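Tertiary structure, described
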Amino acid sequence: MSTRTSALDAVVFGVDIQSGDVRGDAPSYALVVYDGDDVTRDVVTHRKLRRLIDDEEPAIIATDNMYELAADKDQLIHFLGSLPSETMLVQVTGAEQPEPLSRVAKRHGIPYGKQPMQEAEAAARLAAHNVGHEVSAFTDTTEVKVSRGRSTGSGGWSEDRYTRRIHGSVRKRTREVESELENENLEYEREIREAYGGYANAVFTVSARPSDIPVSRNRSGDVRVEIERERRDGIEFRPLAKRRDHVIVGIDPGTTTAAAIVSLEGEVLDVWSSRTSDTADVIEWIVERGRPIIVAADVTPIPETVEKFRRSFDAAGWTPTSDLPIDEKQHRTRHDPYDDDHQRDAMAAALYAFDAHEDQFERIATKLPPGLDRGEVTARVVAGEESVEAVLRELDDDEEPESESTEHEPRELTPEERRIKDLERQVERLQSHVGTLEGRLEDREDRIDDLETELSVARREERTKVRKDREVSRLERKANRLERERDAAREAVDDLERKVDRMKALWKLDHSNFSDVSAEKEGLVPVKVAEKFTKGAIREANEQYGIAAGDIVFLRDASGAGRSTAELLADFEPRVVLKQGGLSEIADEILFDADIPVGPADDVAMQEVDELAVAREDDVEAVIDDWHERAEERKRDRKAAMVDQLISEHRAGDNQA
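Computed from a predicted structure; not experimentally measured.

Let us now look at helix 13 (residues 535-545). Residues of helix 13 that are buried include every one of Ala 537, Ile 538, Ala 541 and Tyr 545, and no others. Each buried residue of helix 13 sits inside an arc of 100° when the element is viewed along its axis, so together they form one side. Backbone geometry just after helix 13 places Gly 546 at a positive phi near 80°.

Attention now moves to the packing of aromatic side chains. All chains considered together, the criterion is met by 4 aromatic pairs. Ring geometry for Phe 354 versus Phe 361: centroids 6.3 Å apart, planes at 45°, classification tilted. Taking relative accessible area as the criterion, Phe 354 reaches 6% and is therefore assigned buried. Classification of Phe 361 by relative accessible area gives buried; the value is 1%. The residue whose ring lies beneath Arg 634 is Phe 592, and the NZ or CZ to ring-centre distance is 4.2 Å.

All right, on to a positive patch on the surface then. Taken together, the side chains of Arg 459, Arg 460, Arg 463, Arg 467 and Arg 470 define a basic patch exposed on the protein surface. Residue Arg 470 is classed as exposed on the basis of its relative accessible area, which comes to 61%.

Right, let's get into unusual backbone geometry. Across the junction of Thr 300 and Pro 301, the peptide omega takes the value 0°, indicating a cis bond. Here Pro 301 is to be found in the loop between strand 14 (291-296) and helix 7 (304-313). Unusually for a residue other than glycine, Asn 185 sits at a positive phi of about 55°. With respect to the helices, strands and loops of the structure, Asn 185 is situated in the loop between helix 5 (159-183) and strand 7 (188-195). What makes Asn 185 exposed here is its relative accessible area of 69%. Look at Asp 314: it is not a glycine, yet its phi comes out positive at around 50°. You can call Asp 314 partly exposed: its relative accessible area is 28%.

Let us now look at the nonpolar core. If you look at the biggest cluster of nonpolar residues, it comprises 37 residues, and the most contacted ones within it are Phe 533, Leu 555, Leu 578, Met 606 and Val 620. Mapped onto this core, the elements with two or more residues apiece are strand 16 (524-530), helix 13, strand 17 (552-555), helix 14 (563-571), strand 18 (576-579), helix 15 (585-593), strand 21 (612-616) and helix 16 (617-656). Ala 10, Val 39, Ala 120 and Ala 124 belong to the second-largest nonpolar core, a separate cluster that totals 26 residues.

What counts and how
- Residues numbered from 1 in each chain as written.
- Predicted model: local features only at pLDDT ≥ 70, side-chain atom pairs only at ≥ 80, totals over all residues.
- Heavy atoms only, no water.
- Buried < 20%, exposed > 50% of the residue type's maximum accessible area, 1.4 Å probe, protein only.
- Helix = DSSP H or I, 4+ residues; strand = E, 2+ residues; numbered from the N terminus.
- Arc of directions from axis to C-beta.
- Phe/Tyr/Trp six-rings, centres within 6.5 Å; stacked < 30°, edge-to-face > 60°.
- Lys NZ or Arg CZ within 6 Å of the ring centre and 35° of its normal.
- Patch = residues over 30% accessible without salt bridge, like charges linked within 9 Å, V, L, I, M, F, W, Y side chains within 5 Å.
- Areas by Shrake-Rupley, 256 points an atom, 1.4 Å probe, with all protein chains shown as cover.
- Salt bridge = Lys/Arg side-chain N within 4 Å of Asp/Glu carboxyl O.
- Lys, Arg positive; Asp, Glu negative; His and termini not counted.
- Charge placed at Lys NZ, Arg CZ, Asp CG, Glu CD.
- Core = buried A, V, L, I, M, F, W, Y, C linked by side-chain atoms within 4.5 Å.

So this is what it looks like as structure tokens:
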């Protein structure tokens, strides 16, 4: 059933010819606007009727004869094509072979009168109760065409650029339309004709009505969008109320409720089970699949829950003579799939109920004339306990034409007629119940759509939050790293500042230590410190602060140096070597031969800062002078030794002669 007519709150226009003829120049119409309990009546011209339809956009335009609104088929198709997208034309009296409006109104308990305004109101009320057929000349397929909004004719010197711009605009709008269709999850086929600089046109064949397509007809600058529904070969009639066949229902109640639907031919149509659904949910599921004439259980006596379902549908009940064994239920349902034991039990109950009534169904079918609804007759015989003959007689009475005379006295109804009246009222109640359930289903579907939208928004927000959290974590790690580097740099700065302060203190030594140090820091010389007299220590000192010719070198531990170490130090040509500890003979000899003064460090007053030191120039000069004195004496001793050696060698030569 169309969602637009699933509730009585839809606006319905009931229309009937008031005077004139649609083939004439100026027909007038009786118009009834039915909006729930609110009814408005008026007589309007054809032009005003069309204007009201365009302004109000009613859900339904109801009439007893569609050709009261159009002179022929072509005009009717044109009329249908001009209706708003949410408006449908409904012929309440049937399809190709309509019934008299009076008969339809009587069958559905709708007030009826012969005046045009009364007929218009009856048509509106019938359509509001989902009685009638929608008149359609179009399919549910819509063609959306994106094309050029202006000609690409002569553009002078700028013709190429002008053409490219138009075709580029068509391509851009085509992509926008495609994106909008994708966002709505609509099925479509696309056909594009490419042209210089873009597209000449694009045609989308969409499987939806114009009202369901998020694109509107418009023309803007270089681009035109046209929307046109696909025409049918002829006129089609679609019932407002979905036809529901008569069925047999099996119920298995309990913590998990299961239901099975079986046709009057013994075919399993559907099966279902749920742990969370209530009675209303089960009824709603059954109503959507058929009209029960038998409600069956697999145990005896009939469970109270199953009896409630039977009374809800005013159907016949069925139970076996004794509880059905599991092996028999398994055998009877072996050809039909099911998900659990509850579905199996419900299916078995419905199938055994069919087996019990199969002969009765066949006898009823043999007595029916061609064209008569078998399900309706079977329901009245089985559930209403009427005879086939009585039902057929009553149906024949309904087909007799109405008497024009209304002055007869009402006769007393027979039991069968009273039963029919009761059944008609029950049908109305069930139809109302169906409408309520369908309205509830629509509300749930709308709620699902809202929740899905909220879920999509929440997911986007969650993804955004996760990205922000990741970025915050990354920035926090970077900030922590920079803070550690900052703290390390500050510590290094503090160390360097302390060293600078100590260096300044050395340059501002107290006069009690260096009485001859002037205010300009004269008389102090730097000293390069080596921890040991080894190659490694000398190279390390050279790498840290450099040892150049003329520098003063201080050896904290001068012992243990060999020839190569002494030669390495001599190569730097220091001004003087101050030492602590003894110096090896070979090292002393090499430094002496290199004319490098060597003296004790204790004779020089030094102030040290880490690996740096300063000393008094006078103390250094004194050490150098002392070394030179000792060197002169050492040279004299060496020369005297050489003379003694020569004399000894000469004497030895004379003795041999």
